[in-house]
Amino acid sequence: MNKIKEFENFFKSNKNKRVYICGHKHPDHDSTSSQFALQHLLKKLGILDVRCIKQADYPKSMYPMLKNLPTENITDINNENAVLVCVDCASIKRIDDPIENKFPKPALQIDHHASNSCFASNNFVNEDATATAEIISEIFIHYKIRPSQSVANLLYAGIISDSRAFSIESTTAKTFEIAKWLLNCGVKPNEIHNIVFNSESVEKIKLQQALFGSLEFFCENQICIGYISQNDMSRSGAKEFDKDKLVDKLLAIENVKIAAIINEKNNSLKVNIRALSSRSKVNETAEDFGGGGHFEASAFSTYKITVPSLKRELVSRLKDKLY
């Protein structure tokens, strides 16, 4: 917790201001849970006016957990005597432009991405944590604040989601210690596991069918690349949050060590990459295209390139990441 001073500096300077909290513009379980758990923590510490900004739909499976939790629309933000806190954002470009325009220098960011650019005035970044929710749990523990069961549920959901149910290499004894602490706060692990992993919509299953039909394999089946078109989204009726975790499923295929999904959206192509091992350092490939992330999980967006050309580029770069 050597970064706790970053949080304390933020708190001392801004405890009498309105605090807005945002995650990244396409929220996943970790970003969502971190946003609302931090709101709860700041209120417990005495900051009375703390608001969560909604940039896009939250993961559908989390709706029951977010019931009765109000959010602020981007158009309603008033930056007078107010500051911004970002959670789970590797760079400020992960938030919507209207928010960045109002808060070009966030007061605090809390994150766990190895590619973090330290863009805030105070940067609480721990790349050894499995999830941003794990870091925020540590802050609760540092201040000896016991979260409500509903907030503990959110934190646990964020941790198991980003750690792939405690299976990634950055999972440590500390991760399990925090999980134990959350269980003592009332979390029922089977219930939260079912919410995160076992509640896929029919629309997501239809999208998954289209994805599986697009799969191509390279380098003796060690690299798998799939494609989701805008037509696939329309035909399936899926939403953006339905794409969440689809790329992880490709790692379950025999022999596949690195998987990627190319997502067509408007005039750009967004690519999500996953690897079985952090030794692959797929974040370096994402950084080549202006993106970033973790050693075993990263993403980027690109323009003015065809899907076949992008596939060739990915295979050329990712084949050197095989171990």
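Preceding this paragraph is the structure being described.
Residues numbered from 1 in each chain as written. Predicted model: local features only at pLDDT ≥ 70, side-chain atom pairs only at ≥ 80, totals over all residues. Heavy atoms only, no water.

(A) Representation of the pairing of strand β2 (residues 50–54). Direction of pairing for strand β1 (residues 18–22) relative to β2: parallel, over a ladder of 3 bridges. Note on β2: the bridge partner recorded for Tyr 20 is Arg 51. With helix α2 (residues 29–44) bridging β1 and its parallel neighbour β2, the resulting β-α-β unit is right-handed. Examined bridge by bridge, β2 and strand β3 (residues 72–73) share 2 bridges and lie parallel to one another. When the bridges of β3 are listed, Lys 54 appears paired with Asn 73. (Pairing = 2+ DSSP bridges. Helix = DSSP H or I, 4+ residues; strand = E, 2+ residues; numbered from the N terminus. Right-handed = clockwise from strand over helix to strand, strands pointing away.)

(B) The arrangement of the layout of surface pockets in detail. Of the pockets and cavities examined, the second largest pocket occupies roughly 360 Å³. Considering the residues around the second largest pocket, the lining is formed by 19 residues, among which Val 196, Glu 200, Lys 204, Asp 244 and Lys 245 are closest to the centre. For the lining of the second largest pocket, the secondary-structure elements that each account for two or more residues are α7 (189–197) and α10 (246–250). Residues of the lining of the second largest pocket, tallied by class, amount to 4 nonpolar, 6 polar and 9 charged. (1 Å grid on protein atoms, 1.4 Å probe; cavity = no way out; pocket = protein on both sides within 12 Å on 5 of 7 lines; lining within 4 Å. Points joined across faces, edges and corners; volume = space filled by probe spheres on them. Nonpolar A, V, L, I, M, F, W, Y, C, P; charged D, E, K, R; others polar.)

(C) Geometry of the packing of aromatic side chains. All chains considered together, the criterion is met by 8 aromatic pairs. Between Phe 36 and Tyr 58, the ring centres sit 5.5 Å apart and the planes meet at 70°, which makes this aromatic pair edge-to-face. One end of the pair, Phe 36, is in helix α2; the other, Tyr 58, is in the loop between β2 and β3, with 22 residues separating them in the sequence. Each member of the pair, Phe 36 as well as Tyr 58, is classed as buried. By way of ring pairs, the aromatic residues Phe 7, Phe 10 and Tyr 143 are connected into one cluster. For Arg 279, the ring lying beneath its charged end belongs to Tyr 323, and the centroid distance is 4.3 Å. The residue whose ring lies beneath Lys 281 is Phe 295, and the NZ or CZ to ring-centre distance is 5.6 Å. (Phe/Tyr/Trp six-rings, centres within 6.5 Å; stacked < 30°, edge-to-face > 60°. Buried < 20%, exposed > 50% of the residue type's maximum accessible area, 1.4 Å probe, protein only. Lys NZ or Arg CZ within 6 Å of the ring centre and 35° of its normal.)

(D) Up close: the pairing of strand β6 (residues 122–125). Of the two faces of β6, the one lined by Asn 122 and Phe 124 and the one lined by Asn 123 and Val 125 are each fully buried. Pairing between strand β5 (residues 108–111) and β6: 4 bridges, direction parallel. If you follow Leu 108 over to β6, its bridge partner there is Asn 122.

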